[in-house]
Amino acid sequence: MKKYICANCGYVYDPEKGDPMNAIPPGMAFADLPEAWVCPMCYAAKSQFDELD
Amino acid sequence: MGVLNGKIIVFDGACGTNLQRMHLPASAWGRYAGCNEYLNLSAPDAISELHGAFLAAGSMVLETNTFGASDIVLAEYGLQDRVEEINAAAVECARVAIRRHQPDALVAGAVGPTTKLPSLGHIPFEEMARSFSGQIRALVTAGADLLLIETCQDLQQVKIALVCCFEEMERLGKSVPVMVSLTVENTGTMLVGSDVAAAAAAIEPFPVFSIGLNCATGPEGMKSHIRYLSRRWPGRVSCIPNAGMPQVIDGRTVYPLAPEAFAAQMKAFVEEEGVSIVGGCCGTTPEHIRCLAKALSGVSPAQRRPQWEPSLSSLYQAVEIRQEIPPLLIGERANANGSRRFRDLLLADDYPGALKVALEQQEDGAHAVDLCTAYAGRDEKADLVALTRLFAQSLKIPTVIDSTGPDSIEAALRTHPGRCLVNSVNLEDGGKNLERICRMAKKYGAAVIALTINEKGMAMSVEEKVATARAIHDLAVGRYGLRPSDLLFDVLTFTVGSGDPSLADAAKTTLAAIRYVKAELPGTFTSLGVSNVSFGLSPRSRRVLNSVFLHEAVEAGLDAAIVDAAKVLPFVRIPEEDRRVCLDLIYNRRKDPQVSPLADFVRHFSDKKEAGSKPSGREESAQSPEERLSEKVVAGDKDGLEDLLEILLTRRPAAAIINELLVPAMRHVGDLFGRGEMLLPFVLQSAEVVRQSVHHLEPHLAGEERDAGRKMLLATVAGDVHDIGKNLVDILLSNNGYKVYNLGIKVPAETIIEKALEYAVDVIGLSGLLVKSAIVMQESMPQYAAAGLTVPILLGGAALTEKFVAECCVPGYPGPVVYCADAFAGLAAMRALESGTLASTRYDAGAAVQPLKPGARSERISRDHPVPVPPFLGARRVTDIGAETLFPYINEQALFRGRWGYRRGKLSAAEYDRLIREKVRPMYEGLQRRTVEEGLLRPEVAYGYFRCFSDGDTLVVEDGGKRHAFPFPRQSAPPHLCIADYFKSREEGGDVVSFFVATVGARIGESAHELFSADRYHDYLMLHAFGVEVADALAEYWHEVIRGELGIGGQKPEGPGGYVVQEYQGSRYGFGYPSCPDLSAHKAVFELLHPGEIGVTLTEAMEMVPEHTTSAIVAHHPQAKYFAV
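Bear in mind that the values here come from a model prediction, so they are computed numbers and not experimental data.

Undergrad: Residue-level account of the overall build of chain B, with values.
TA: Of the regular secondary structure elements, chain B holds 39 helices and 36 strands. Per-residue burial over chain B gives 57% buried out of 1125 residues. A separation of at least 24 residues holds for 76% of the contacts in chain B among residues at least 6 apart in sequence.

As structure tokens, this is what we get:
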């Protein structure tokens, strides 16, 4: 599963780690994150994220 | 040799700059003032002393004082006959020091670039080769343990030096490791224009010990190049920078990077990029080397897994043989045998015309150009050399030397600085020619196309083709020292268009042979002269057949193809029926048993209309000037713009050019952006083309035409100084046919009203960054209404939301009030206005998605955290922070993606990586260099430590008997966090707090605005955003300094990502940000820190000026992290 990076602050969402700050468990793909999900560091919306290889 | 097998090899520091510091008497130079190499003879003790100092500091290898000890440079002092003596003396000086201080150390014979640039024709190959051979011979004979070809500026010079090194060592029967070190200028290339990839491609075939960079800049300036080499170079990488970029202070040249900072940056290169050879160039002293050696003790270089892609190169750029989207296209038109036009130009001695043929192919998308000058009656060698030189200087793409004459080939290889491909060799004469040319390819580092022709003639069957290829492979690789990747096998193509039954399967055989060669000779490449397959057929059917055949060949594994790049049709664009007849012909399949595939093919195409040729901007072009202008807008290409506009003015009026060509093209650009197919920086370049065009056309516009189009008044509201967003709106709208009146920043409502009426605008646009500005907008709506305004108002700014605009702004104004998230939304609003569909923003609470609120759900803030002891109480100013210290703290991802707009969009991973590597990173490093050189950054900090205690939601700060209250908001939902909680109350014993105000000065913002005023939109965005990120980097850096001073700096963030997620103790909170949005706190901050002394002031809305300034409160509590209220 691909990682995604926040274009606003550089935070990297790693599906293997999930996102404890937003109560997202490990194993959730970025596309499956709820629409309401925001960057845990800077609160930017999903649309601000780029796929990272 | 133990040292050379070590994990890390530490070289020494500078020679010249340190000799200056030794204050040797002028008499040491005798009659040869300025020739430092003479000191090896006249003052050997001083040289040995300097060497000794470096050995004592930890150097393992000493570079001899022979930078200018070739006869070319020594001739300037009349010392050209003492090359052997001087080089031998230099080696001995180093040996003396080694015997005395460090017997295990080694001597590197340094070979400098001389003062001549052979790529520019300053000196012929032979002359420079003689000079280098002399110096190399002297150094090796004198016992140098290795050779260092350093400070290289010219790729041709590098090549000549390498050829001489290996030739001399073979002649002497003595071999030592050879290192190459390049100097890359501020432009991101070597002096003559080669980028690092081009140099690496040309150097790679030679058995060098390492490649690297030295001189020109400090470590930071080398980062992208070192990273490139780290990822690609299949060997050791060296890095020997200056002690920072030199600055002239009070008439003296100063290298500002201090030993510890130098060592830290070098350590990062070793740990992150796997650099394993380090040292210092100009400005580095023994102290620098001592810090370097110390910093590296116990350190291992990062594990590297370099991925080298065999490549060709021009003087300027490298081209991978295995393209991401194969094949490598080799343009075939510069061939005296294959092209009448080229032949005629040659016969007329029209070399510039011949070059043009190559330039056109480059424009058509060729990756390399084949050059063949063999024609009866012409001197092939003379033509080849002259044109190779011209091609080398003028083409971005590499050259393929198409000749079978070894003398001509060698002459051409000695002329071209990059890595060439020789077309071709074969086994026709049993192998004599093959041997000569393969050995030549080895000597000059070239690649070779090998045709499957043996003594019996051209190989026709699959078996024979493969067997011939194998025979050539075994000789070239087994005997003549080439590598498999140096070979491109051409298994020959024969025409299927002649009707000759013995060739009916020829195309099929070729395809099969390609498959076999790829499978049985792994590591080699394949090439093909595609057009041969269609010889004898009609031109338009040839084009289709060639394209289909090329597609099939690539599927079979073809790597490179010699074609007319302008005539290649993408397979997917070829109609089904065309494809079918081509494939049947290629694979010799009959649809109808009575009709041969060739007959079917010919009949099919004789019924068809002419297929369109690829549009090109030349005389025979089918493309209209109108189409060319639109293309220039979309491509952001200003070349020849004015000439094109002049042509267009003879065809239609200026106003029509603007409204019918420029504006629609710019709209298309906006659509591409909206679809993620174009990135913001490119949009700005397109806008620049429109701006320049309109500027050129203005004198031709009639009065009323000049004022046509909807008018917008644009302003940043009172108290707010931010304008990058507003200016982007200005750029976008004014280049989409709208007239924009930009009133600037801090504009009071009264002025907005006055100007809106005066200019009779159709729409008002208001911008503001601060939370306060949103309130200002809300409160000014009734004012605008009272003044009788009814035109639509567009609101934009980071603090605004759809909800806020709909619920708090719309009701206060009779006309439409519309929230615009960015400049493109503003553009869409203008279009809606024109079509009469613009309506106020509405907020649907039911449908809206409530964003999550990240953060721990339950947290008890511990009350017994230890309170650190501050180094002082009160405020201080720090003004000697070097900009280069900040660069490592820049958040590159936020800068590249967020601020500059280089988002991934629809690009593939490889495409994006390439964009960043080839365009963005060099631009970024160029900005770093420029801002340092021009003094655009003046980092200064006002900060301090104060006693404090929390009192409920307020933090009370004590400063010399005065108290300042900082009320902070508290989260309404669990865990109800508030910044004040991170500090102990009075009962708990009180606490310590730190504040800072950090600025990079006003100059960078001013310089950015100059660019905006000059309509240099792209550069404006780049510089402004860079300034913002450096200001943030300064905040990050100073926060780290504070952690250090408080003794809580133990936990260190791992890489840039670590800073983003706050892998350190405590947190800083910026005023105006979610956990303390009220800027009025600035009043107290300013009373505590007196930032006026570093040039920072406050607007009436408590915003800091200059713009590139940040402020923060710093909490040390282990549980303190970002949160939103």
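Having seen it, we continue.
Undergrad: Help me get a handle on the overall build of chain A, residues and values and all.
TA: Within chain A one finds zero helices and three strands. For chain A, the α and β elements follow one another from N to C terminus as β-β-β. Classification of the 53 residues of chain A by burial places 51% in the buried group. Long-range pairs, those at least 24 residues apart, make up 42% of the contacts in chain A between residues at least 6 apart in sequence. For chain A, the computed accessible surface area is about 2,500 Å², with 55% contributed by carbon and sulfur atoms.

Undergrad: Which residues make up the pairing of strand S36 (residues 1109-1115) of chain B, and what values do they have?
TA: Residues and elements named next belong to chain B. With seven of seven residues buried, S36 lies mostly within the body of the structure. Residues Thr 1109, Ser 1111, Ile 1113 and Ala 1115 of S36 are buried on one face, and the alternating residues Thr 1110, Ala 1112 and Val 1114, pointing to the opposite face, are buried as well. The sheet contact formed by strand S32 (residues 991-999) and S36 spans six bridges and is antiparallel. Note on S36: the bridge partner recorded for Thr 999 is Thr 1109. Here strand S33 (residues 1067-1069) runs beside S36; their pairing, made up of three bridges, is antiparallel. The residue of S36 that forms the bridge with Arg 1068 is Val 1114.

Undergrad: Can you tell me about unusual backbone geometry, naming the residues and giving the values?
TA: Leaving glycine aside, a negative phi is the common case for residues, and trans is the common case for peptide bonds. All names here are of chain B. For the peptide bond that leads from Pro 326 to Pro 327, omega is 5 degrees, which places it in the cis range. The residue after Val 1105, namely Pro 1106, is reached through a cis peptide bond having omega 10 degrees. Secondary-structure assignment places Pro 1106 in the loop between strand S35 (1104-1105) and S36. Phi angles above zero are rare outside glycine, and Cys 215 is one such case at about 70 degrees. The residue Cys 215 is located in the loop between strand S6 (210-214) and helix H10 (223-232) in this model. What makes Cys 215 buried here is its relative accessible area of 16%. In this structure, Lys 746 takes a positive phi of about 50 degrees despite not being glycine. As for its position among the elements, Lys 746 is in the loop between strand S24 (739-742) and helix H29 (749-759).

Undergrad: Lay out the sheet that holds strand S20 (residues 487-490) of chain B in plain terms, naming residues and giving numbers.
TA: As summarised here, the arrangement of the eight strands in space is S13-S14-S15-S16-S17-S20-S21-S22 (chain B), forming a closed barrel in which the pairing is parallel. Adjacent strand axes in the sheet meet at a mean angle of 25 degrees, parallel and antiparallel pairs treated alike.

Undergrad: Can you explain the confidence of the model for chain B? Please cite residues and give values.
TA: Residue and element names in this part refer to chain B. Mean pLDDT over chain B stands at 92; residues scoring 70 or higher make up 98%. Across residues 611-621 the pLDDT falls below 50, and counting only partners more than four positions away or on other chains, this stretch makes 14 contacts in the model. For this predicted complex, the interface confidence score (ipTM) comes to 0.97, while the overall pTM stands at 0.61.

Undergrad: Tell me about the pairing of S24(B), residues and numbers included.
TA: Residue and element names in this part refer to chain B. Relative to S24, strand S23 (residues 711-716) runs parallel, the two sharing four bridges. By the bridge assignment, Lys 711 is partnered in S24 with Lys 739. A crossover connection joins S23 to the parallel S24 through helix H28 (residues 724-734); in handedness this β-α-β unit is right-handed.

Undergrad: Report on the interface of chain A and chain B, specifying residues and quantitative values.
TA: Facing the 23 residues of chain A at the interface are 24 residues of chain B. Together, the buried faces of chain A and chain B total about 1,900 Å²; carbon and sulfur atoms form 60% of this surface. For the chain A face of the interface with chain B, the top three residues by lost area are Met41(A), Tyr43(A) and Asp50(A), together amounting to 29%. A salt bridge links Arg897(B) to Asp50(A), with the nearest nitrogen and oxygen atoms 3.0 Å apart. Our count for the chain A to chain B interface comes out at twelve residue pairs in polar contact (both at pLDDT 80 or more). For the side of chain A that touches chain B, the element with the highest residue contribution is strand S3 (residues 49-52) of chain A, accounting for four residues. Split by residue class, the side of chain A that touches chain B holds 14 nonpolar, five polar and four charged.

Undergrad: Tell me what's going on with the side chain of His1018(B), and back it up with residues and numbers.
TA: Residues and elements named next belong to chain B. Mapping His 1018 onto the fold places it in helix H37 (residues 1017-1046). Exposure remark for His 1018: the relative accessible area of 6% places this residue in the buried category. Setting aside residues up to four positions removed in sequence, His 1018 forms contacts with Pro 681, Leu 684, Gln 685, Glu 688, Tyr 902 and Met 923.

Undergrad: Outline the state of the cysteines, listing residues and values.
TA: By the definition in use, this model includes zero disulfides over all chains. Of the cysteine sulfurs around Cys1076(B), a residue in no disulfide, the closest is that of Cys978(B), at 9.9 Å.

Undergrad: Tell me about the sheet that holds strand S2 (residues 12-13) of chain A, residues and numbers included.
TA: Residues and elements named next belong to chain A. In space, the three strands of this open sheet follow the order S2-S1-S3, with antiparallel pairing throughout. Each edge of the sheet is formed by a strand with only one pairing partner; in this case those strands are S2 and S3. Pairing geometry for strand S1 (residues 3-6) and S2, over two bridges, is antiparallel. Residue pairing across strands places Tyr 4 opposite Tyr 13, the latter belonging to S2.

Undergrad: Kindly report on the packing of helix H4 (residues 44-57) of chain B against helix H12 (residues 286-296) of chain B, identifying the contributing residues and their values.
TA: All names here are of chain B. Remark: H4 packs on H12, axes separated minimally by 8 Å, with the N-to-C direction vectors making an angle of 20 degrees. Taken together, H4 and H12 sit at an angle that is classed as roughly parallel. The two elements H4 and H12 cross, and the hand of that crossing is right-handed. Contacts from Ala 53, Phe 54, Ala 56 and Ala 57 of H4 reach H12 at Pro 286, Ile 289, Arg 290 and Ala 293.

Undergrad: Give me the lowdown on helix H13 (residues 340-347) of chain B, citing residues and values where you can.
TA: All names here are of chain B. Among all positions of H13, only Phe 342, Leu 345 and Leu 346 are buried. In an axial view of H13, the angular spread of the buried residues amounts to 100 degrees, which keeps them on one side of the axis. In the core, the buried residues of H13 are packed alongside helix H14 (351-363), strand S14 (368-371) and helix H15 (380-394). Once H13 ends, the next one or two residues include Asp 349, with phi positive near 55 degrees.

Undergrad: How would you summarise the packing of aromatic side chains if you had to cite specific residues and measurements?
TA: Residue and element names in this part refer to chain B. Enumeration according to the criterion identifies 36 aromatic pairs over all chains in this entry. Members of the aromatic cluster, each reached through a chain of ring pairs, are Phe 682, Phe 887, Phe 896, Trp 900, Tyr 902, Tyr 924 and Phe 1026. One cation-aromatic arrangement involves Lys 739 over Tyr 741; the distance from NZ or CZ to the ring centre is 4.9 Å. If you follow Arg 1043 out to its NZ or CZ, it ends over the ring of Tyr 1064, 3.9 Å from the centre.

Undergrad: An account of the pattern of salt bridges is requested, with residue identities and associated values reported.
TA: All names here are of chain B. All told, the structure shown has 64 salt bridges over all chains when counted by the stated rule. Glu 168 is paired through a salt bridge with Arg 171; the nearest N and O atoms lie 2.8 Å apart. On the criterion of helical spacing, the pair formed by Glu 168 and Arg 171 is a turn pair, its members being three residues apart in helix H8 (residues 155-172). Its relative accessible area of 1% is what places Glu 168 among the buried residues. Classification of Arg 171 by relative accessible area gives exposed; the value is 57%. We note a salt bridge from Glu 918 to Arg 914, for which the minimum N-O separation is 3.1 Å.

Undergrad: Can you lay out H29(B) for me, pointing to particular residues and giving the numbers?
TA: Residue and element names in this part refer to chain B. Residues of H29 that are buried include every one of Ala 749, Ile 752, Ile 753, Lys 755 and Ala 756, and no others. Looking at the buried positions of H29, the neighbouring elements they touch are S23, strand S25 (763-767) and helix H30 (771-786). Just downstream of H29 lies Ala 760, where phi reads positive at about 50 degrees.

Undergrad: For the environment of His1039(B), give the residues involved together with the corresponding values.
TA: Residues and elements named next belong to chain B. As for its position among the elements, His 1039 is in helix H37. For the pair His 1039 and Gly 1049, spaced ten residues apart in sequence, the C-alpha separation works out to 9.9 Å. Those residues within four positions of His 1039 in sequence are excluded, and the remaining contacts are Phe 996, Tyr 1064, Ser 1067, Arg 1068 and Val 1114.

Undergrad: Just give me the short version of the packing of helix H36 (residues 1003-1013) of chain B against H37(B), but keep the residues and values in it.
TA: Residues and elements named next belong to chain B. Where H36 contacts H37, the axes come no closer than 8 Å and their chain directions differ by 165 degrees. Between H36 and H37, the angle falls in the class roughly antiparallel. Of the two possible hands of crossing, H36 and H37 adopt the one that is left-handed. Contacts from Ile 1004, Ser 1007, Ala 1008, His 1009, Leu 1011 and Phe 1012 in H36 reach Asp 1019, Tyr 1020, Leu 1023, His 1024, Phe 1026 and Gly 1027 in H37.

Undergrad: Can you tell me about the environment of Ile1094(B), naming the residues and giving the values?
TA: All names here are of chain B. Examined against the element boundaries, Ile 1094 turns out to sit in the loop between helix H39 (1081-1089) and strand S34 (1097-1098). Between the C-alpha atoms of Ile 1094 and Val 941, which are 153 residues apart in sequence, the distance is 7.2 Å. Among residues more than four places away in sequence, those in contact with Ile 1094 are Arg 877, Thr 879, Glu 940, Val 941, Ala 942, Val 997 and Thr 999.

What counts and what doesn't
- Residues numbered from 1 in each chain as written.
- Chains lettered and ligands numbered in written order.
- Predicted model: local features only at pLDDT ≥ 70, side-chain atom pairs only at ≥ 80, totals over all residues.
- Heavy atoms only, no water.
- Helix = DSSP H or I, 4+ residues; strand = E, 2+ residues; numbered from the N terminus.
- Buried < 20%, exposed > 50% of the residue type's maximum accessible area, 1.4 Å probe, protein only.
- Contact = heavy atoms within 4.5 Å.
- Areas by Shrake-Rupley, 256 points an atom, 1.4 Å probe, with all protein chains shown as cover.
- Pairing = 2+ DSSP bridges.
- Axes fitted to C-alpha atoms, helices over the stretch in contact; angles between N-to-C directions.
- pLDDT = per-residue confidence, 0-100.
- Right-handed = clockwise from strand over helix to strand, strands pointing away.
- Buried area = accessible area lost by both parts, 1.4 Å probe.
- Salt bridge = Lys/Arg side-chain N within 4 Å of Asp/Glu carboxyl O.
- Polar contact = N/O pair within 3.5 Å; in protein donor to acceptor, adjacent residues only side chain to side chain.
- Nonpolar A, V, L, I, M, F, W, Y, C, P; charged D, E, K, R; others polar.
- Disulfide = S-S within 2.5 Å.
- Parallel < 35°, antiparallel > 145°, perpendicular 65-115°, else oblique.
- Left-handed = near helix turned anticlockwise from the far one by under 90°.
- Arc of directions from axis to C-beta.
- Phe/Tyr/Trp six-rings, centres within 6.5 Å; stacked < 30°, edge-to-face > 60°.
- Lys NZ or Arg CZ within 6 Å of the ring centre and 35° of its normal.

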